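Residues per chain are reported as follows:
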Amino acid sequence: MTTATLSVRFAGPHVTIQDQGRPGLMRYGVPASGPMDRQSFALANAAIGNPAGHPGIEISLGGLSLHCLTGVVTLALVGGGFIAETNARKLGAWRILTLNAGETLTIRPGPWGSWSYLAFAGDLQAESWLGSRATHGSSGFGGGKLTADQTLTITDAQTLPEREGPIPCPVWARPRHLLRCTLGPQDRFFSAETLNTFTSARFETTDAFDRMGLRLRGPSVAPTNALSIPSEPILRGSVQVSGDGVATVLLSDHQTTGGYPKITTVLSCDLDSFVQCRPRDAVMFQTVTPAESIEITRQNAQRFAAFEDRLRGR
Amino acid sequence: MQPTPSAPIFRPIAERAVLVEFGTALDQAAHAAVLHLDQALAATPCTGFRESVPAFVNLLVEFDPLITDHPTVIAHLRGLLIVKTTASAQPTQREVSVCYEDSPDLAAVAEATGLPPEAVITAHLSGDYAVAMYGFAPGYAYLGGVPEAIRLDRKPAPVRGVAAGSVIIAGAQCLITTLVMPTGWWIIGRSPTRILTADPAHPFLFDVGDNVRFRRISRAEYEAAQ
């Protein structure tokens, strides 16, 4: 068994350790956290034969640079059109490569996408909180945010030369601009006209985003008479509207309860590719019925599982 | 149609949840119905049950959409509502220590309520609190039951960097903070009692529905307990 150690040369904001997250604790104010783009994260692990949910690194538009101090380890970089640079070679994300002692791997945003994932053939050591190494952004609990000069340890580090090389990027992992959603649960606080505006207008993503949520720019969709609704439980993907009519899509580290009305809730299967949008991308909402949302989800899950299996077994 | 504790509204959310609404405004009967359904669901979960989240007047029920759907879950929940409860267990009683010395807002609360600071403390200690729900941040438990005499609206603007362990009040709610966070609530004390216990077997001090009493401690006791 060998160990690899990596020194963080540089880490942008919101670069964190993530795993499958900690679902089941929303009743204690704890959101599931976990990767923003769960699909790409899962594919990174599958690509090097890791168990699903194995801890890895979530890389934001801020980028990340790692220097291998000791040992050698194979890793997968999956998600977004990020660029990896190592040994004066420029490679795209969606690739498996091996990092040797003395080499530096620098990952930067490329032509598309907002999040990319590093999975290691080995066990990335990190602080666990409530049974998960996923970082909860606002508290920093869990594996934590990466900072310059920090040393990462990967135990049981392996090299997998037979897996090295590019892996296919499925079209559904690219940014999604049409978000399927169901109305509500607080659509009753919006006029018919406002609801119509919401589902027919073009919105724009903004740079006001973090792991809690992403604010949209677009026509005002102000609620009526919603000033004093008691705080209600919140689901990831709900679109919360503040009193001045600004909509925010709630994401991995969302607050678990809140008093702003939720005009719609985006289907979970559309969130992973939605978060790969960049600021000022156009998005639109398309309402579906709850029954349709289940049908869509099941089809997506089948398609994803088939792709993941092929990748894992290659 | 308005939901009531005996005739809730079931609102499907996306592909994976139902929000059961027992009322539209803060109401004891609606909250009791939330806790009742939450307990019944814990005892008899539906197929594909993932988690439930109790709040003031509604309960969120999340399920696995690959193995069940909204109508099946709603039918299960309706079934739980018509089952009469066997006398529900007595709520667990919890105690939270609080030091009122050196509290940034005690004087302001005294001024706003027209009470001497000592009477504010007495009022706060006299409250019978219950954990209504968690929210905002990990371990932020909203305790209902602040006595009428010291109920104040939030401050006009939040104060940044309020320390973890602050005992804060606004309206009928009291809360013991777990993180350094901004808050517009009134800071009337600080507590060495940890809501995030760091005990893996019981990581949160309270469950929703627990009863809470505050116990006054001195600055020396607070410092010794830190």
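Analysis parameters
- Residues numbered from 1 in each chain as written.
- Chains lettered and ligands numbered in written order.
- Predicted model: local features only at pLDDT ≥ 70, side-chain atom pairs only at ≥ 80, totals over all residues.
- Helix = DSSP H or I, 4+ residues; strand = E, 2+ residues; numbered from the N terminus.
- Buried ≥ 20, exposed ≤ 12 C-beta atoms within 10 Å, placed from the backbone.
- Contact = placed C-beta atoms within 7 Å.
- pLDDT = per-residue confidence, 0-100.
- Nonpolar A, V, L, I, M, F, W, Y, C, P; charged D, E, K, R; others polar.
- Pairing = 2+ DSSP bridges.

Right, let's talk about the overall build of chain B for a bit. Assigned secondary structure in chain B consists of 5 helices and 13 strands. By its C-alpha atoms, chain B is 55 × 40 × 35 Å across when sized along the principal axes. A total of 226 residues make up chain B; the buried ones form 43% of that total. The contacts of chain B with a sequence gap of at least 6 include a subset with a gap of at least 24, amounting to 57%.

Parts of the prediction with low pLDDT should not have their coordinates interpreted in detail. For chain B, per-residue confidence averages 94 on the pLDDT scale, and residues scoring 70 or more make up 97% of the total. Among the prediction metrics, the complex's ipTM stands at 0.96, with pTM recorded as 0.94.

With that out of the way, let us pick up the environment of Arg180(A). Residue and element names in this part refer to chain A. Following the sequence through the fold, Arg180 ends up in strand S14 (residues 178-183). Note on Arg180: 20 C-beta atoms within 10 Å, which makes it buried. Separated by 109 residues in the primary sequence, Arg180 and Thr289 have C-alpha atoms spaced 9.7 Å apart.

Right, let's get into the interface of chain A and chain B. Between chain A and chain B, the contact holds 35 residues from the first and 36 residues from the second. Elements that contribute at least two residues to the side of chain A that touches chain B include exactly strand S17 (232-233), strand S20 (257-258), strand S21 (262-266) and helix H4 (290-313) of chain A. In terms of residues, the side of chain A that touches chain B owes the most to one element, H4(A), which gives 6 residues. For the side of chain A that touches chain B, a count of residues per class yields 15 nonpolar, 17 polar and 3 charged.

Quick look at the environment of Asn300(A) now. Residue position: Asn300(A) is located in helix H4. Spatially, the C-alpha atom of Asn300(A) lies 9.4 Å from that of Asp270(A), the residues being 30 residues apart in sequence.

What follows covers the sheet that holds strand S8 (residues 95-100) of chain A. All names here are of chain A. Read from one edge to the other, the open sheet built from 6 strands follows the order S2-S3-S10-S5-S8-S13, with strand pairing classed as antiparallel. The strands lining the two open edges of the sheet, one partner per strand, are strand S2 (16-18) and strand S13 (165-166). Bridge count for S8 against S13 is 2 bridges, and the pairing is antiparallel. Bridging across to S13, Ile96 finds its partner in Gly165.

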